[in-house]
Amino acid sequence: NKYNNFKMKKHITLFIAGMLSLLSNAQEVKVTSGKVQRFENFQSKLIDARNIDVWLPDGYSNKEKYAVLYMHDGQALYDAESTWNKQAWEIDQVAGKLIAEGKTQKFIVVGIWNNGAKRHPEYFPQKPYESLTQIQRDTVTAQLQKAGRTKDIFKPYSDLYLQFLVTEVKPFIDKTFSTKKDQKNTFVAGSSMGGLISMYAICEYPKVFGGAACLSTHWPGTFSSDNNPIPNAFVDYLKKKLPNPKDHKIYFDYGDQTLDAMYKPLQEKVDVVMKAKGFTNKNWETKFFPGENHSEVAWAKRLDIPLLFLLKN
């Protein structure tokens, strides 16, 4: 058993981090502040069912209204003991402290679990992919197959995932909790592929989301820099679809270790588009963290920065 566990851990990489967590449905989430309410096996007409973990800050009350932060990779947010790699964003700790100190407005966090093996096609922005030629699509499939991300022909369905978020999850959250339902108080955040889908969410649904935090955004889409058509497809998409800077805030960041080592030149191209589209330091930040790698521990360390940027009091 120990040997099997070791073997399993060795083969499961950051990008399918959710897989083992899906086996620990029943495990209670321990938080340092506030409380987590789990909606197990939340059903959808659009995509596979999954757990949703909602964090409520200390003193949560129906007498007040709260902003809402929707976060991807929900099983990696709260409790390191319950995650496959014993790492977590510790959002309960970081958000709890910011709220308690009055630095941000009061908000709740909706952690939507990823779908293990299907994480890549769910989080991969679909319209940029569909703008590729067939030869380019074949290249993407080949690169993802080589990296062990898929055995089949790669086909993202992130439009359905976002539809699930906007038409099924959000109405349920607004009905169940005391929320501010408007765009100005609705945010989306994630890292890596979760950073990509957060960027895609604010571009596709600018009337729903007022801000997005995209940490260690996985601009390569695959795991190869050579002959990779994806980064340019993302840049072209942003040129057409970035939301209005007047009422949207966007945060990007990256380190330079492990997977983050690929991101600097790609993020710089995106930054050029942000400037051209009228984003300034009032409504956009791109931060570089030298020495930081691609992990929940790294994201937890700097999570207060995007939270302050989006939710500052």
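Reading the values: the criteria
Just so you know, the residues in each chain are numbered from 1, in the order the chain's sequence is written. Residues qualify for local features only when their pLDDT is at least 70, as the model is predicted, and side-chain atom pairs are given and counted only at 80 or more; totals for whole chains, interfaces and linings, by contrast, use all residues. Working from all heavy atoms in the structure, the side-chain values ignore hydrogens and water. Helix numbering and strand numbering both begin at the N terminus, where a helix is a DSSP run of H or I of at least 4 residues and a strand a DSSP run of E of at least 2. In this scheme, a residue with accessible area under 20% of its type's maximum is buried, one over 50% is exposed, and one in between is partly exposed, where area comes from a 1.4 Å probe on protein chains only. Any pair of nitrogen or oxygen atoms within 3.5 Å is treated as a polar contact; in protein, a donor-acceptor pairing is required on top of that, and neighbouring residues in sequence qualify only through side-chain atoms on both sides. Between the rings of Phe, Tyr and Trp (Trp by its six-membered ring), a pair exists once the centres lie within 6.5 Å; its type follows the angle of the planes, with under 30 degrees stacked, over 60 edge-to-face, and the other angles tilted. Should the NZ of a Lys or the CZ of an Arg lie within 6 Å of a ring centre and within 35 degrees of the ring normal, that charge is described as sitting over the ring. Pairing between two strands is assigned when DSSP locates at least 2 bridges connecting them. In this description, a line fitted to the C-alpha atoms serves as the axis of each element, helices being fitted only across the stretch in contact, and the angle between N-to-C directions of two axes falls anywhere from 0 to 180 degrees. Note on definitions: a residue-residue contact is assigned when non-hydrogen atoms from the two residues lie within 4.5 Å. Geometric relationships in this document are graded by angle, where less than 35 degrees denotes roughly parallel, more than 145 denotes roughly antiparallel, 65 to 115 denotes roughly perpendicular, and other angles denote oblique. By definition, turning the near helix anticlockwise from the far helix through less than a right angle yields a left-handed crossing, and turning it clockwise yields a right-handed one. Residue classes follow a fixed rule: Ala, Val, Leu, Ile, Met, Phe, Trp, Tyr, Cys and Pro count as nonpolar, while Asp, Glu, Lys and Arg count as charged, and any other residue, Gly among them, counts as polar. Expected span, for any helix, means 1.5 Å times one less than how many residues it has. Note on terminology: pairs of cysteine sulfur atoms within 2.5 Å are recorded as disulfides. pLDDT expresses, on a scale from 0 to 100, how confident the predictor is about each individual residue. Think of the arc as the fan of directions from the helix axis to the C-beta atoms.

**Q** Could you give me a rundown of the side chain of Asp174, with the residues and numbers involved?
**A** Note on placement: Asp174 falls in helix H7 (residues 158-176). On the accessibility criterion, Asp174 (12% relative accessible area) is buried. Polar side-chain contacts of Asp174 include one of 2.7 Å to the side chain of Lys170.

**Q** Tell me about the packing of aromatic side chains, and please be specific about residues and values.
**A** Here the structure, examined in full by the defined rule, presents 19 aromatic pairs. Ring centres of Tyr251 and Phe309 lie 6.5 Å apart, and the angle between their planes is 45 degrees; on these two criteria the pair is classed as tilted. On the criterion of sequence distance, the pair formed by Tyr251 in strand S7 (residues 249-254) and Phe309 in helix H12 (residues 304-311) is long-range, its members being 58 residues apart. The two residues Tyr251 and Phe309 agree in class, both being buried. Among the aromatic residues, those joined into a ring-pair cluster are Phe39, Phe42, Tyr60, Tyr66, Tyr123, Tyr161, Phe164, Phe172 and Phe177. Looking at Arg149, its charged tip hangs above the ring of Phe223, at a distance of 4.4 Å from the centre. Taking NZ or CZ as reference, Lys249 lies 5.1 Å from the ring centre of Phe309, over its face.

**Q** Any details on the sheet that holds strand S6 (residues 211-215)? Residues and values, ideally.
**A** Two pairing modes exist for strands in a sheet, parallel and antiparallel, and in both the strands are linked by backbone hydrogen bonds. Pairing within the open sheet is mixed, and its eight strands lie in the order S1-S2-S4-S3-S5-S6-S7-S8. Of all strands in the sheet, those with a lone pairing partner are strand S1 (35-42) and strand S8 (284-288), marking the two edges. Pairs of neighbouring strands in the sheet enclose a mean axial angle of 15 degrees, with direction left out of account. Of the strand pairs in this sheet, strand S3 (residues 67-71) and strand S5 (residues 186-191) are connected by four bridges, and their pairing is parallel. Each residue of the ladder has a partner; that of Met71, found in S5, is Ala189. Contacts from helix H3 (residues 91-100) reach strand S2 (50-56), S3 and strand S4 (107-112) within the one sheet, and its direction differs from that of S2 by about 30 degrees. Running over the sheet, H7 touches S1, S2, S3, S4 and S5 and is turned about 135 degrees from S4.

**Q** I'd like a rundown of the packing of H3 against H12, residues and numbers included.
**A** Axis separation between H3 and H12 bottoms out at 10 Å; the angle between their running directions is 45 degrees. Considered as vectors, H3 and H12 are oriented oblique to each other. When the axes of H3 and H12 are compared, the crossing they make is right-handed. Residue-level inspection shows Ile91, Val94, Ala95 and Leu98 of H3 in contact with H12, the latter providing Asp304, Leu307 and Leu308. Classifying every residue of the contact of H3 with H12 by side-chain character gives six nonpolar, no polar and one charged.

**Q** Tell me what's going on with helix H8 (residues 193-204), and back it up with residues and numbers.
**A** If you check H8, its first and last C-alpha atoms are 16 Å apart, about what twelve residues at 1.5 Å a residue would give, namely 16 Å. Of all the twelve residues making up H8, twelve are buried; the element is thus mostly covered by neighbouring parts of the structure.

**Q** Any details on unusual backbone geometry? Residues and values, ideally.
**A** Positive phi, normally seen in glycine, also occurs at Ser192, with a value near 65 degrees. Considering the arrangement of structural elements, one finds Ser192 in the loop between S5 and H8. The backbone of Ser216 shows a phi angle near 45 degrees, a positive value even though the residue is not glycine. Classification of Ser216 by relative accessible area gives buried; the value is 0%.

**Q** Let's hear about the pairing of S2: which residues, and what values?
**A** Counting buried positions along S2 yields seven of seven residues, so the element is predominantly enclosed. Bridge count for S1 against S2 is six bridges, and the pairing is antiparallel. Along S2, the bridge assignment pairs Gln37 with Val54. The pairing of S2 with S4 spans four bridges and is classified as antiparallel. Pairing of Val54 across the sheet is with Val110, part of S4.

**Q** Go over the state of the cysteines with me, naming the residues and quoting the values.
**A** Following the criterion strictly, the structure yields zero disulfides and no others. The cysteine Cys203 is free of any disulfide, with Cys214 supplying the nearest cysteine sulfur at 8.6 Å. What makes Cys203 buried here is its relative accessible area of 3%.

**Q** Could you give me a rundown of the confidence of the model for the protein chain, with the residues and numbers involved?
**A** The pLDDT averaged across the protein chain works out to 91; a share of 89% of its residues lies at or above 70. Contacts for the low-pLDDT stretch residues 6-26, under 50 throughout, to residues beyond four places or in other chains number 48 contacts.

**Q** Lay out helix H10 (residues 264-276) in plain terms, naming residues and giving numbers.
**A** Here H10 contains 13 residues, and its C-alpha end-to-end distance of 19 Å stays within 8% of the 18 Å for a straight helix at 1.5 Å per residue. Turning to H10, its buried residues number three or more, namely Leu266, Gln267, Val270, Asp271, Val273 and Met274. Down the axis of H10, the buried set is contained in an arc of 160 degrees. They therefore lie on one face. Projecting away from the buried face of H10 at angles above 90 degrees are the exposed residues Val272, Lys275 and Ala276. On its buried face, H10 is in contact with helix H9 (230-241), S7 and S8. Downstream of H10 by a residue or two, Gly278 has a phi angle that is positive, lying close to 90 degrees.

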